[in-house]
Amino acid sequence: QKARIGVTGLAVMGRNLARNLARHGHPVAVHNRTSARTKALVEEFGGEGTFLPAETPERFVESLERPRRLVVMVKAGGPTDAVIDEFAPLLEPGDMIVDGGNANFADTRRREAALRERGIHFVGTGVSGGEEGALLGPSIMPGGSAESYEALGPLLEDISAKVDGTPCCVHVGPDGAGHFVKMVHNGIEYADMQLIAEAYDLLRHAAGLAPAEIAEVFRTWNTGRLESYLIEITAEVLAHTDASTGKPFVDVVLDQAEQKGTGRWTVQTALDLGVPVGGIAEAVFARSVSGHAALREAARGLPGPSRTVMAGSGFADAVEKALYASKIVAYAQGFHEIQAGSAEYGWNIDLGAMATIWRGGCIIRARFLDRIRAAYEADPETPTLLTDDHFAEAVGDAQGAWREVVAAAARIGVPAPGFSTALAYYDSLRADRLPAALTQGQRDFFGAHTYRRTDRDGSFHTLWGGDRTEAGA
Ligand code: 6PG
């Protein structure tokens, strides 16, 4: 018997993906660099389906039916290249290598182009949902050729999460499109997490609530428009008590957030594409600030306002509004980046389809994504989610409270970079005139960089060092 698909790299994500495939009735070949893991998988979970363990790459490749579908679940970067170098020589034209790691989309484009020359399909695939998602149904974002999706799509759709019967898996677009979209997914994940963290911080320091009380607030929010996986687990984490000290768990965890790189890439890529993603950038920077222990220690005594508990009743509702509005901004920025990446690389990504496959399985799964899907359905060309009727109304209703929350944060000295930057973005977009006109004047003054006028075409320069007449064409 041959396997329909194979998984190499049996750390937790690879193992769970292989089990998911087997549980869905797909015979799956399994391989790991050290074969102890392969053995352990078959011993422990062999009853879940048909596993074909292989000790060597050659045996692994031989055990796959053709065209071969080979899923690589190893660390992004060097380890992925090493596995490709090892397996590609054993494959034949028409075979497929699926990279399910969190690869950088530029690496995926490079690998796809190199393997395409040898007739091998390289399918950079975003997989979201953590360990549990991989086992029970992740959100899957495959790139690569349309031809490869014909052979892989049914399998991937089968093991993906489903929402209203619709699989959370779709062909995103050619070459690196899948990993690009997964990268932006993670950037949005960072922003969402930062906004939730700020909401918690404000409820704690402005409203004086204890973690367990804040957990209840999040539980309530999770029954409304904020309903999402991240809000749900936030309540769980906040309600948890540390066993060894009896303190709230959140008070015994070192307050230095780590990151593995996808959020940073989202911002770096946005800078290259010229897309303003302040909400995601502030989330990356907030983690970075938290990690600068020595810097924070040096600055700890700097003066600030007294952090008196000041918020009255209704504050939690205001925070809910600020959170919802800021979240809309973060998603609007992320979708703008996908739109720009798609245009730059000719991917033709269907934005509504991305919202659709994020409704289930992934870390940012949320009721809200159905609204985004609907927004793109109503107008696939919408320049920003903020102008969609539903979102424009929601933000319009929330903006008063949003401003109050940002002002309260500034007054009591609780950092709220996510809420603040989101509001600034909103106000920038809706402004009649921006002070960018002054910036242009300054640039022209010191560097003769020229400016355009509101009333005439062409580019102009004022003779600032001379008689200040205007030259222009
Ligand atoms: C997912 C997650 C997953 C992983 C992140 C965490 O979609 O399942 O995003 O990919 O948990 O990489 O990223 P950081 O370690 O950078 O927070």
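Residues numbered from 1 in each chain as written. Predicted model: local features only at pLDDT ≥ 70, side-chain atom pairs only at ≥ 80, totals over all residues. Heavy atoms only, no water.

Caption draft 1: Up close: the state of the cysteines. One pass over the structure, following the stated rule, counts zero disulfides. Cysteine 168 forms no disulfide, and the closest cysteine sulfur to it belongs to cysteine 362, at a distance of 7.3 Å. Note on cysteine 168: relative accessible area 0%, which makes it buried. Its relative accessible area of 0% is what places cysteine 362 among the buried residues. (Disulfide = S-S within 2.5 Å. Buried < 20%, exposed > 50% of the residue type's maximum accessible area, 1.4 Å probe, protein only.)

Caption draft 2: Structural context of the site of the ligand. Around the ligand, the structure places 14 residues, and the nearest of them are Ser128, Glu189, Tyr190, Lys260 and Arg287. Between the ligand and glycine 129 there is a distance of 2.9 Å, counted from an oxygen atom to a backbone nitrogen or oxygen. Burial of the ligand by the surrounding chains reaches 81%, relative to a free accessible area of 410 Å². The dominant element in the shell around the ligand, judged by the number of residues it contributes, is helix H8 (residues 177-205), at five residues. Class assignment for the residues of the shell around the ligand results in two nonpolar, eight polar and four charged. (Near = heavy atom within 4 Å. Polar contact = N/O pair within 3.5 Å; in protein donor to acceptor, adjacent residues only side chain to side chain. Areas by Shrake-Rupley, 256 points an atom, 1.4 Å probe, with all protein chains shown as cover. Helix = DSSP H or I, 4+ residues; strand = E, 2+ residues; numbered from the N terminus. Nonpolar A, V, L, I, M, F, W, Y, C, P; charged D, E, K, R; others polar.)

Caption draft 3: Structural detail: the packing of helix H15 (residues 315-345) against helix H18 (residues 389-412). Following both chains from N to C, one finds H15 and H18 inclined at 125°, their axes separated by 7 Å at the closest point. Relative to H18, H15 is oriented oblique. Classified by chirality, the crossing of H18 by H15 is left-handed. Here H15 contributes Phe315, Ala318, Val319, Lys321, Ala322, Tyr324, Ala325, Ser326, Ile328 and Val329 to the contact with H18, which in turn contributes His390, Phe391, Ala394, Val395, Asp397, Ala398, Ala401, Trp402, Val405 and Ala408. Taken together, the residues that form the contact of H15 with H18 break down as 16 nonpolar, two polar and two charged. (Axes fitted to C-alpha atoms, helices over the stretch in contact; angles between N-to-C directions. Parallel < 35°, antiparallel > 145°, perpendicular 65-115°, else oblique. Left-handed = near helix turned anticlockwise from the far one by under 90°. Contact = heavy atoms within 4.5 Å.)

Caption draft 4: Seen up close, the UniProt feature "binding site: substrate" (unreviewed entry) in the chain. When the UniProt feature table is mapped onto this chain, "binding site: substrate" (unreviewed entry) is found at Asn102, Ser128, Gly129, Gly130, His185, Asn186, Tyr190, Lys260, Arg287, Arg443 and His449. Over a stretch of 348 residues, the named residues are scattered through the fold, their C-alpha atoms separated by up to 49.1 Å. If you trace the backbone, glycine 130 turns up in helix H6 (residues 130-136). Once residues lying within four places of it in the same chain are set aside, the contact partners of glycine 130 are Met13 and Ile363. Here histidine 185 shows up in helix H8. Apart from residues no more than four positions distant in its own chain, histidine 185 is found in contact with Ser128, Trp358, Cys362, Ile363 and Ile364. (UniProt positions renumbered as here; feature names shortened; annotations may be inferred.)

Caption draft 5: Focus on helix H4 (residues 78-87). Buried within H4 we find Thr80, Val83, Ile84 and Phe87. What you see down the axis of H4 is that its buried residues fit within an arc of 100°, all on one side. (Arc of directions from axis to C-beta.)

Caption draft 6: The nonpolar core, seen in detail. The biggest cluster of nonpolar side chains holds 92 residues, and the ones touching the most others in it are Phe218, Phe335, Trp358, Ile372, Trp402 and Phe419. Element by element, the count of residues in this core is highest for H15, at 15 residues. Beyond its immediate sequence surroundings of up to four residues, tryptophan 358 is in contact with Ser139, Met141, Val181, His185, Ile188, Phe335, Ile338, Ile364, Arg365, Ala366 and Leu369. With 25 residues, the next largest nonpolar core counts Val7, Leu41, Ala134 and Ile159 among its residues. (Core = buried A, V, L, I, M, F, W, Y, C linked by side-chain atoms within 4.5 Å.)

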